[in-house]
Amino acid sequence: MVEAAILVIFPMLVAFGGASDFLTMTIQNRVSILLMAGFAVVAAGTGLPLAGWGIHALGLLAVFAVCFGFFAAGWMGGGDVKFISAIALWIGFTPELAQFTLLVAIYGAILTLALLSMRQVVVVPGALARQDWFARLHDSKSGIPYGIAIAVAGLQVYPSTAWFGLLGRM
């Protein structure tokens, strides 16, 4: 049962968070809360030692500290900060965390440049113009749904984490 949790909880919630940000420009608090609760369930179910809990908590705290600064500067939304921090909890303060944050930066830059370019298009096809989600993405006054980049990077890095090393041993 723990193997199923490893394979389902993180990917499902991260994909939902990214899709939610894409469609609504919002990542609900419950996504981050469920990610943290899911981590606790999986960590307890796998018998993660106390030091392991500490390494994972340190990953969350390190990412939160940096991203809170980004939030305070107006560069990142609060939902994004909570989302990336909850993902960092799963990854822990490991080499994969550096890979994750680098990928978030790269994908975030690509996403930002793509949206800024798209927002320069004056004429939008009628079918797209009537879609609320597209109107939000096209609106130059709205932010960047950074949760998309965070989710893609998280899903890419997750299979290289220690959680996948536990599969087949349980």
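That block above? That's the structure.
Fair warning: this is a prediction, and the values are worked out from it, not measured in the lab.

**Q** Which residues make up the nonpolar core, and what values go with them?
**A** Grouped together as the largest cluster of nonpolar side chains are 35 residues, with contacts concentrated most on L35, F83, I87, W90 and F100. Contributions of two or more residues to this core are made by helix 1 (2-24), helix 2 (29-46), helix 3 (50-72), helix 4 (78-91), helix 5 (95-118) and helix 8 (147-157). The element contributing the most residues to this core is helix 4, with 9 residues. In contact with L35, not counting residues within four places along its chain, are F10, L13, V14, F83, A86, I87 and W90.

**Q** Which residues make up the packing of helix 1 against helix 2, and what are the values?
**A** For any two helices packed against each other, the geometry is given by the interaxial angle and the distance between the axes. Contact geometry of helix 1 with helix 2 gives a least axis separation of 10 Å together with a crossing angle of 165°. The pairing of helix 1 with helix 2 is recorded here as roughly antiparallel in orientation. When you trace helix 1 past helix 2, the crossing you get is left-handed. Touching V2, A5, I6, I9, F10, L13, V14, F16 and G17 of helix 1 are V31, L34, L35, G38, V42, G45 and T46, all from helix 2. Each residue belonging to the contact of helix 1 with helix 2 can be placed in one class, and the counts come to 12 nonpolar, 4 polar and no charged.

**Q** Report on the side chain of D80, specifying residues and quantitative values.
**A** Structurally, D80 is set in helix 4. Comment: no salt bridge for buried D80; closest opposite-charge side chain is K82, at 9.8 Å.

**Q** How would you summarise the packing of helix 2 against helix 3 if you had to cite specific residues and measurements?
**A** Look at helix 2 against helix 3: their axes get within 12 Å of each other, and the N-to-C directions meet at 160°. When the interaxial angle is binned, helix 2 and helix 3 end up roughly antiparallel. The interaxial crossing formed by helix 2 with helix 3 has right-handed handedness. When helix 2 is examined against helix 3, the residues M36, F39, A40, A43 and A44 are found in contact with a partner set consisting of W53, H56 and L60. Broken down by class, the residue content of the contact of helix 2 with helix 3 amounts to 7 nonpolar, 1 polar and no charged.

**Q** Requested: an account of the environment of W90, with residues and values cited.
**A** Tracing the chain through its elements places W90 in helix 4. On the basis of relative accessible area, W90 is assigned to the buried category, the value being 0%. Sequence separation of W90 and A162 is 72 residues, and the distance between their C-alpha atoms is 9.5 Å. Non-local contacts of W90, meaning those with residues more than four positions away in its chain, are made with I9, F10, L35, G38, F39, V42, H56, Y158 and W163.

Cut-offs applied
- Note on numbering: residues in each chain are counted from 1, in written sequence order.
- For this predicted model, a pLDDT threshold of at least 70 governs which residues receive local features, and a threshold of 80 or more governs which side-chain atom pairs are given and counted, while totals over whole chains, interfaces and linings are taken from all residues.
- As a rule here, side-chain values cover all heavy atoms of the structure and leave hydrogens and water aside.
- Grouping buried Ala, Val, Leu, Ile, Met, Phe, Trp, Tyr and Cys residues that are joined through side-chain atoms within 4.5 Å yields what is termed a nonpolar core.
- Exposure is judged per residue with a 1.4 Å probe applied to protein chains only, and the accessible area is read against the type maximum: over 50% gives exposed, under 20% gives buried, and values in between give partly exposed.
- Numbering of helices and strands starts at the N terminus; helices are DSSP runs of H or I of at least 4 residues and strands are runs of E of at least 2.
- Any two residues whose heavy atoms approach within 4.5 Å are treated as being in contact.
- An axis is simply a line fitted to the C-alpha atoms; with a helix, the fit covers only the stretch in contact. Between two such axes, the angle follows the N-to-C directions and lies from 0 to 180 degrees.
- The labels follow the angle: roughly parallel below 35 degrees, roughly antiparallel above 145, roughly perpendicular from 65 to 115, and oblique for the rest.
- Helix crossings are classified by the rotation of the near helix relative to the far one: an anticlockwise turn of less than a right angle makes the crossing left-handed, while a clockwise turn makes it right-handed.
- Amino acid classes used here: Ala, Val, Leu, Ile, Met, Phe, Trp, Tyr, Cys and Pro are nonpolar; Asp, Glu, Lys and Arg are charged; the rest, including Gly, are polar.
- Asp and Glu are treated as the negative residues and Lys and Arg as the positive ones, with His and the ends of the chain left uncounted.
- Salt bridges are defined by distance alone: a side-chain nitrogen of Lys or Arg within 4 Å of a carboxyl oxygen of Asp or Glu.

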